[in-house]
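Commentary on secondary and tertiary structure
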Amino acid sequence: MKLKRIIILVALCTVSGASLGAEFIYRDLMGDTLPTPGCSAKADALETTSKQYYIDKYAKRFCQTQGYGWGLEQVNNTGQSECEPCGNGQEGYQCRLRDVVVSCKRLKPGSVGLIPGKG
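Cut-offs applied
Residues numbered from 1 in each chain as written. Predicted model: local features only at pLDDT ≥ 70, side-chain atom pairs only at ≥ 80, totals over all residues. Heavy atoms only, no water. Pairing = 2+ DSSP bridges. Helix = DSSP H or I, 4+ residues; strand = E, 2+ residues; numbered from the N terminus. Axes fitted to C-alpha atoms, helices over the stretch in contact; angles between N-to-C directions. Disulfide = S-S within 2.5 Å. Buried < 20%, exposed > 50% of the residue type's maximum accessible area, 1.4 Å probe, protein only. Expected span 1.5 Å × (residues − 1). Arc of directions from axis to C-beta. Contact = heavy atoms within 4.5 Å. Parallel < 35°, antiparallel > 145°, perpendicular 65-115°, else oblique. Nonpolar A, V, L, I, M, F, W, Y, C, P; charged D, E, K, R; others polar. Patch = residues over 30% accessible without salt bridge, like charges linked within 9 Å, V, L, I, M, F, W, Y side chains within 5 Å. Areas by Shrake-Rupley, 256 points an atom, 1.4 Å probe, with all protein chains shown as cover. Salt bridge = Lys/Arg side-chain N within 4 Å of Asp/Glu carboxyl O.

Here we come to the sheet that holds strand S1 (residues 24-31). If you trace the 3 strands from one edge of the open sheet to the other, you get S1-S5-S2, paired in antiparallel fashion. The open sheet terminates on both sides in strands that have one partner only, identified here as S1 and strand S2 (71-77). In this sheet, adjacent strand axes meet at a mean angle of 25 degrees when their direction is disregarded. Strand direction decides the pairing type here: S1 and strand S5 (residues 100-107), joined by 8 bridges, are antiparallel. Looking across to S5, one finds that Ile25 is bridged to Arg106.

Now the structure itself:
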C-alpha cells in the first residue's frame, strides 16, 4: 500500500513538472488590413471593418507572417478606419483598418522536451 502511494506521488510530480517547462516568446506587431471587397456605401463598408471576425482574421494573418509556429495571443488595438472612394468609375467606398496592434506568441525553442522538467 505504501509503495502505491509513492508511485502515485512520483507520477503526479512528473506530470506537473512537465507542464511548467513550456516557455513562450512574445512579439508585438503593427499592420494595416486590406480594403473591404467590392464597393458599397460608406456606412456598410465601415460596418464590415468593425466586425470582430474581420479584425481577428487579419490579426491572425499578421502573426502567421512571422513564420512557422507563431500564433495570435491578443489584439491590443484595433486601429482606425480609413475609407477611400472606389476607382474605375464605380460609386461607393472601400474601407480598411490602419495601425492594428497585435501580440503574437510561439513556443521558445528547447523549452519543451521529451524528458519532463528538462529542456
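After that view of the structure, there is still more to cover.
The bond known as a disulfide is covalent and runs between the sulfur atoms of two cysteines. In total, this model carries 3 disulfides according to the counting rule given. Disulfide partner of Cys63: Cys104, at an S-S distance of 1.9 Å. Its torsion about the S-S bond being -80 degrees, the disulfide of Cys63 and Cys104 is classed as left-handed. Taken together, the positions of Cys63 in helix H3 (residues 52-64) and Cys104 in strand S5 put the pair 41 residues apart, joining distant regions of the chain. Take Cys104: its relative accessible area is 0%, and that puts it in the buried class.

Let us now look at H3. In a regular helix each residue adds 1.5 Å, so 13 residues correspond to 18 Å; H3 covers 18 Å between its end C-alpha atoms and thus fits that length. Within the sequence span of H3, burial applies to Tyr54, Ile55, Tyr58, Ala59, Phe62 and Cys63. In an axial view of H3, the angular spread of the buried residues amounts to 160 degrees, which keeps them on one side of the axis. Looking at the buried positions of H3, the neighbouring elements they touch are S1, helix H2 (42-50), S2, strand S4 (93-98) and S5.

This part takes up the packing of H2 against H3. Their axes nearest at 5 Å, the elements H2 and H3 cross at an angle of 55 degrees. Between H2 and H3, the crossing angle belongs to the class labelled oblique. In contact with Thr48, Thr49 and Ser50 of H2, H3 contributes Gln52, Tyr54 and Ile55. For the contact of H2 with H3, the residue count by class is 2 nonpolar, 4 polar and no charged.

Looking now at a nonpolar patch on the surface. A cluster of nonpolar side chains, namely Phe24, Tyr26, Leu107 and Val112, defines an oily patch on the protein surface of about 400 Å² accessible area. By the secondary structure assignment, Val112 is in the segment after S5.

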